[in-house]
Amino acid sequence: MTGGPPNASPDGAPAVSIRGMSKVFRGRGRGASEVRALEDIDLEVHPGEFVSLIGPSGCGKSTLLRIIGDLEQPTTGPVLVNAKPAHQARVDGDYGIVFQDSVLYDWRTVARNIALPLELAGWDRDRRSQRVTEMLELVDLTGFEHHHPWQLSGGMQQRVSIARALSFSPALLLMDEPFGALDEMTRERLNMELLRIWERSRCTVVFVTHSIAEAVFLSTRVAVMSARPGRIRGIVDVDLPQPRTNETRVDPRFFELVATVRRRLRGMEDDAGVVVTGEAEA
Amino acid sequence: MRAERALTTLAVLAGLIGLWEGYKAFAEALHLSWPFRVNDVTMPHVWDMVGQLFEPSRLNGPLLLHVLFDAALYTARSAFVGFLIGAVAGFALGVALAHSRLLERGLLPYVVASQTVPILAIAPMIVIWLKAGWLSVAVIASYLTFFPVTINTLRGLKSADPRAVDLMRSYAAGRWDVLWKLRVPSAMPYLFTALKVSATASVVGAIIAEPPASIQDGLGGAIVNFNQYYLSSPASLWATIFIAALLGIGFFGLVSGAERILVSRAPERVA
């Protein structure tokens, strides 16, 4: 994992560029209701950024992530990833995706789970096994390659899932509440690990979470969303120093930013759509 | 663990024999005539049935056990080939149905309807088409075996975790890769459940297909034969039933063994 990801965007092009995008889910059959899941979404993510999407349930943050990943189609508005339509980016293998559940294949060993995307991309056996060894080292699971997923703890399973997502060096890592099902201790440890992996792989991360502290701790920017219809109500720049450490969690600035995000989430009605640049509010 | 399982099996077997012999003794002592009169013809002793295996099948002929062993081998060949044909055809049909909503809607009702046509009506036609012989017996047996495989393959292929399908999409995997690397492995538990049902059904299918194909060499022929001589030698028919049951259990065991080797996954209720 030296050097930038091979699938990095062309110079200067944003990793993700969304303008005036909306998504309407239409029910089936006559008289079925429409659900406006997302409305008027503008989002630009630059290469190497770590952007979190946070908001109440039903604000469409997972849907937004799925649209970026070309797993759902937007109703209106273009979605460009590395200056390409999302569909092309998917075909080019620009995405690594991690869900809340690790979604590992029971019938494959850890090593073969990590190698799955490489198999599909047609890598030969030697290259695959070399990369798997690197990835196991990266997520600190060396020695577990021949275990089956059900022999691992939840945190370890999620690390395998991250290794799988990063195995082919995607430019963009999409994470949908990846640590939501884990206990607080494991979650904090995996947060640190994720940041270390992010620094080493230099990929761009879009991260969906329920946890304000997690969003602030991990991100360079936090997009705060509101529900019904889902909108981005503000973006908070997180100007905490890099690299983040356990000290960051007790930094007064960290608490200020957590409070800012919390206020954004609560007081949605004020200054809708305004981009907050991170000053603590009075 | 293994010894425990063997002991359980033996205990159940002893219990069943006890029930049989117990009811026989009880009904004979009380001269019960309902639901049927019990005597050595209607309910022979278990030891007579087993003992019959070691009697000559006819005057100066080979032991019954020997005759039935040959018959079981003969039937096993048709049953095994029928099982293979049914499993492969059933699986292929399941894959086709899973990939096309149109096919599923159009074809599935006929697949279901095919199972309501009695084997007695199918068998003579297949014998006419393929000539009387073990192959036509195999085809008739396959008619009984493909259906559970088709239904369970269809169900199993659709059981793949939708997020795993999303992941495959995100790797830009083609249909073929999604089928072989995700859907088929996900379907394995369903598939093996069907194969176990089919394994025993193929033995039954081969046995009932033998008389219409006028085959004397298999267990079906033996059953028809001993049926005719039931009053003079009831234990022979029962002995034949034992052998047929053993053959079915053997087939079931083969599929279970294959499952244990091929399917490595979490033990039930773990993870």
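Enquirer: Mind showing me how you'd approach the overall build of chain B here?
Expert: Within chain B one finds 10 helices and zero strands. Taken along the three principal axes of its C-alpha coordinates, chain B extends 75 × 50 × 35 Å. Split into buried and exposed, the 271 residues of chain B put 34% on the buried side. Considering only contacts in chain B between residues 6 or more positions apart, those separated by 24 or more positions represent 75%.

Enquirer: Looking at this model, I keep getting lost on unusual backbone geometry. Mind explaining?
Expert: When glycine is set aside, most residues are seen to have a negative phi, and most peptide bonds are trans. A cis amide bond links A:Q242 with the next residue in sequence, A:P243, at an omega value of -10 degrees. Examined against the element boundaries, A:P243 turns out to sit in the loop between β10 (231-237) and α8 (252-266). Across the junction of B:W34 and B:P35, the peptide omega takes the value 0 degrees, indicating a cis bond. For B:P35, the position within the fold is in the loop between α1 (2-30) and α2 (46-52). A positive phi is found at A:D40, a non-glycine position, where the angle reads about 55 degrees. The topology assignment puts A:D40 in strand β2 (residues 34-45). Phi is positive for A:N82, which is not a glycine, with a value near 50 degrees. With respect to the secondary-structure elements, A:N82 resides in the loop between β4 (79-81) and β5 (84-85). Given 22 C-beta atoms within 10 Å, A:N82 falls into the buried group.

Enquirer: What should I look at first to understand the nonpolar core in this one?
Expert: Generally speaking, a soluble globular protein has its nonpolar side chains buried in company with each other. Among the nonpolar cores identified, the biggest contains 84 residues, and A:I68, A:V206 and A:V222 are the most heavily contacted of them. Non-local contacts of A:V206, meaning those with residues more than four positions away in its chain, are made with A:V16, A:V45, A:V51, A:L53, A:L65, A:I68, A:L172 and A:L174. If you look at the next biggest cluster of nonpolar residues, it comprises 56 residues, including B:L93, B:A141, B:A187 and B:A235.

Enquirer: Explanation requested: the sheet that holds strand β8 (residues 204-209) of chain A in the structure shown.
Expert: Each strand in a sheet pairs with another by means of backbone hydrogen bonds, the pair being arranged parallel or else antiparallel. All names here are of chain A. The strand order across the open sheet formed by six strands is β6-β7-β8-β3-β9-β10, and the pairing between neighbours is mixed. Edge positions in the open sheet fall to β6 (95-98) and β10, since each of these has one partner strand only. Pairwise comparison of adjacent strand axes, ignoring direction, gives a mean angle of 20 degrees for this sheet. Where α8 meets the sheet, it contacts β3 (50-54), β9 (221-226) and β10, and its direction lies at approximately 165 degrees from that of β10.

Enquirer: Please explain the interface of chain B and chain A as it appears in this structure.
Expert: For an interface, size is often stated in terms of accessible area lost upon the parts coming together. Listed as interface residues are 18 residues of chain B and, on the opposing side, 18 residues of chain A. Of all elements in the fold, only α7 (162-170) and α8 (175-209) of chain B reach the threshold of two or more residues within the side of chain B that touches chain A. Tallying contributions element by element places α7(B) first for the side of chain B that touches chain A, with six residues. Along the lines of polarity and charge, the residues of the side of chain B that touches chain A split into nine nonpolar, two polar and seven charged.

Enquirer: How should I be thinking about the packing of helix α3 (residues 64-99) of chain B against helix α10 (residues 234-262) of chain B in this particular structure?
Expert: A packed helix pair is summarised by two numbers, namely the angle formed by the two axes and the spacing between the axes. Residue and element names in this part refer to chain B. Contact geometry of α3 with α10 gives a least axis separation of 10 Å together with a crossing angle of 40 degrees. As far as their axial angle goes, α10 and α3 are oblique. Considering how the two elements wind past one another, α3 and α10 form a crossing that is right-handed. Together, L64, L68, A72, T75, A76 and A79 of α3 and S236, A239, T240, I243, L247 and F251 of α10 make up the contact between the two elements. The residue makeup of the contact of α3 with α10, split by class, is nine nonpolar, three polar and no charged.

The rules behind the values
Position numbers for residues start from 1 in each chain and track the written sequence from start to end. As they are written, the chains are lettered A onward and the ligands numbered 1 onward, keeping that order. Under the rules for a predicted model, residues below a pLDDT of 70 receive no local features and side-chain atom pairs below 80 are neither given nor counted, while totals for whole chains, interfaces and linings still include all residues. Secondary structure elements follow DSSP: runs of H or I no shorter than four residues count as helices, runs of E no shorter than two count as strands, and numbering proceeds from the N terminus. Whether a residue is buried, exposed or partly exposed is read from the other C-beta atoms within 10 Å of its own C-beta, which are placed from the backbone; 20 or more gives buried, 12 or fewer gives exposed, and intermediate counts give partly exposed. Note on contacts: residues are paired as contacts if their backbone-placed C-beta atoms lie within 7 Å. Core membership is restricted to buried Ala, Val, Leu, Ile, Met, Phe, Trp, Tyr and Cys residues, and these are joined into a nonpolar core through C-beta atoms within 7 Å. Should DSSP find at least two bridges between two strands, the strands are regarded as paired. Between N-to-C directions, angles span 0 to 180 degrees; the directions come from axes that are lines fitted to C-alpha atoms, helices contributing only their stretch in contact. Each residue is assigned to one class: nonpolar for Ala, Val, Leu, Ile, Met, Phe, Trp, Tyr, Cys and Pro, charged for Asp, Glu, Lys and Arg, and polar for all the others, Gly among them. What sets the label is the angle itself: under 35 degrees gives roughly parallel, over 145 gives roughly antiparallel, 65 to 115 gives roughly perpendicular, and the rest give oblique. For any helix crossing, the convention is left-handed if the near helix is rotated counterclockwise from the far helix by under a right angle, and right-handed if that rotation is clockwise.

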